[in-house]
Amino acid sequence: MTPIRAIRLALFIILLIGMLGSGAELLLLNHYEDWRQWIPLILLLLGLSASGWHAVRRNALSVRMLQALFICFIASGFAGVYFHYQGSAEFKLESNPSLRGWPLFWAAVRGKAPPLLAPGAMMQLGLIGWTYTFKHPALNGAKEKGE
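No experiment lies behind these values; they were computed from the predicted model shown.

Asker: Help me out: how do you make sense of the overall build of the protein in this one?
Answerer: In terms of helices and strands, the protein carries 5 helices and 0 strands. In the protein, the order of α-helices and β-strands from amino to carboxyl end is α-α-α-α-α. For a compact globule of 147 residues, the expected C-alpha radius of gyration is about 15 Å, and the protein comes in at 18 Å, more than 25% above that figure. Dimensions of the protein, computed from C-alpha atoms along their principal axes, come out at roughly 60 × 25 × 20 Å. Evaluated residue by residue, the protein yields a buried proportion of 35% over its 147 residues. A sequence separation of at least 24 residues applies to 68% of the contacts in the protein between residues at least 6 apart. Carbon and sulfur atoms form 70% of the exposed surface of the protein, whose accessible area is close to 9,000 Å².

If you want it as structure tokens, here you go:
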């Protein structure tokens, strides 16, 4: 196995473990109370399904599907940070309605519920996945053996 194939395989395994772990964590945290909370769960399920398809049929279509999903992972991470900030700010305003401007911003950023940067895990998974698909041999019609 060439070094690039070994790195690609390691990225794929890390990606699968990350998607499984993130999905399990979101389910354990009951992260499905409104429609926005379903977004990462659905993306993770799609990502795992597409990864399974890709593991069986390593072709250009499966790679392109993964790339599209990983872009969605990254976008959902940014949206999640926004939604978590919004939720944290609302919570802080309930406990202290006089907060405005920078004091509200800093209180929301430092809040523990919901954790502001937790959606960064989706961005990280998206970036790992994108790196895995970068210049993938299937895009050139080649197949990597032993991946």
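There's more to say after this.
Asker: For this particular structure, what's the right way to read the environment of Leu16?
Answerer: Mapped onto the elements of the fold, Leu16 is located in helix H1 (residues 3–28). Separated by 42 residues in the primary sequence, Leu16 and Arg58 have C-alpha atoms spaced 16 Å apart. Excluding residues that lie within four positions of it along the chain, Leu16 makes contacts with Leu48 and Ser51.

Asker: Mind showing me how you'd approach the nonpolar core here?
Answerer: Across soluble globular proteins, you tend to see nonpolar side chains buried next to one another. Counting 17 residues, the largest nonpolar core has Leu15, Met19, Leu44, Phe73 and Leu125 as its most contacted members. Secondary-structure elements contributing two or more residues to this core are H1, helix H2 (35–56), helix H3 (60–95) and helix H5 (120–133). Ranked by residue count, the leading element in this core is H1, at 5 residues. What Phe73 contacts, discounting residues up to four positions off in sequence, is Met19, Leu43, Leu44, Gly47, Met122, Met123, Leu125 and Gly126.

What counts and what doesn't
Residues numbered from 1 in each chain as written. Predicted model: local features only at pLDDT ≥ 70, side-chain atom pairs only at ≥ 80, totals over all residues. Heavy atoms only, no water. Helix = DSSP H or I, 4+ residues; strand = E, 2+ residues; numbered from the N terminus. Rg over C-alpha atoms; globule rule 2.2 N^0.38 Å. Buried < 20%, exposed > 50% of the residue type's maximum accessible area, 1.4 Å probe, protein only. Contact = heavy atoms within 4.5 Å. Areas by Shrake-Rupley, 256 points an atom, 1.4 Å probe, with all protein chains shown as cover. Core = buried A, V, L, I, M, F, W, Y, C linked by side-chain atoms within 4.5 Å.

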